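Chain by chain, the residues:
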Amino acid sequence: AKIFRDGALVDTPAAKSCELARSMVSHCQAEARRIIWDLRDTGYMTNILSHALSSTLNAQEPGDSPIVTFRVEGQEVPLAPAYVHHLVCIGQEAVSNAMRHASPSHIAVHLRYEVDSLNLTIRDDGSGFRGDTAKVGHFGIPVMEERARKVGGVLRLQSSHDEGTEVSVIVSFNSLQ
């Protein structure tokens, strides 16, 4: 792929195939890490979403990364560990996508508990994007949508070019039961 980029052959079918393969391998590595996380000792698993999210966000690589803030609002409700896992993976993917693609200076993660639902929102101030979010070989957004469906939630994605992106998942407590 580097040869194609350096040789100004970025738009050739071979270059596109290399980029597709790179993206698929990257996604498979991320999913393998998540599967291994699933197999870990269940003592590590928690039914408190804010604890799991906080641990995941604190595990992000320090250095040149953007400032990540985390805020919890409302009365937290314990959830089944499987639901916690899917919601943490959505949050982790949204943060990773922002860091990888948007060059943000700040990412805000907000977990809000309401009377009948919870809302997990990840907002960045990065470059945003426009157009089709389902690029060939990119699986992050479809996987987040699938995870949201698995917990009975709805994933919403809003992005404005040069103004950032907001990913939110809203889950009714009725669907969690």
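Residues numbered from 1 in each chain as written. Predicted model: local features only at pLDDT ≥ 70, side-chain atom pairs only at ≥ 80, totals over all residues. Heavy atoms only, no water.

Draft legend 1. Quick look at the overall build of the protein. Helix and strand content of the protein: six helices and five strands. Moving toward the C terminus, one meets the helices and strands of the protein in the order α-α-α-β-α-β-β-α-β-β-α. Out of the 177 residues in the protein, the part that is buried amounts to 36%. As displayed, the protein offers around 10500 Å² of accessible surface, 53% of which is attributable to carbon and sulfur atoms. (Helix = DSSP H or I, 4+ residues; strand = E, 2+ residues; numbered from the N terminus. Buried < 20%, exposed > 50% of the residue type's maximum accessible area, 1.4 Å probe, protein only. Areas by Shrake-Rupley, 256 points an atom, 1.4 Å probe, with all protein chains shown as cover.)

Draft legend 2. How the structure looks around the nonpolar core. Counting 28 residues, the largest nonpolar core has L49, L87, L118 and V169 as its most contacted members. For this core, the element with the highest residue contribution is helix α4 (residues 81–101), accounting for seven residues. The residues touching V169, leaving out its near neighbours within four places in the chain, are L87, I90, L118, N119, L120, A148, V154 and L155. (Core = buried A, V, L, I, M, F, W, Y, C linked by side-chain atoms within 4.5 Å. Contact = heavy atoms within 4.5 Å.)

Draft legend 3. Region of interest: α4. With 21 residues, α4 should reach 30 Å at 1.5 Å per residue; the first-to-last C-alpha distance of 30 Å fits that figure. Directly beyond the C-terminal end of α4, a positive phi value near 50 degrees is found at S103. (Expected span 1.5 Å × (residues − 1).)

Draft legend 4. Examining the sheet that holds strand β4 (residues 153–160) more closely. An order of β1-β2-β3-β5-β4 is seen for the five strands of this open sheet, with the pairing classed as mixed. Every other strand in the sheet has two partners, leaving β1 (67–73) and β4 as the edge strands with one partner each. Within the sheet, the average angular offset between the axes of one strand and its neighbour, ignoring direction, is 10 degrees. Summarising the sheet, β1 and strand β2 (residues 106–113) pair through seven bridges and their orientation is parallel. In the strand pairing of β2, T69 is matched with A108. Contacts from α4 reach β1, β2, β3 (117–124), β4 and β5 (164–172), with the element oriented near 15 degrees to β3. Here helix α5 (residues 140–150) sits on the sheet in contact with β4 and β5, set at roughly 150 degrees to β4. (Pairing = 2+ DSSP bridges. Axes fitted to C-alpha atoms, helices over the stretch in contact; angles between N-to-C directions.)

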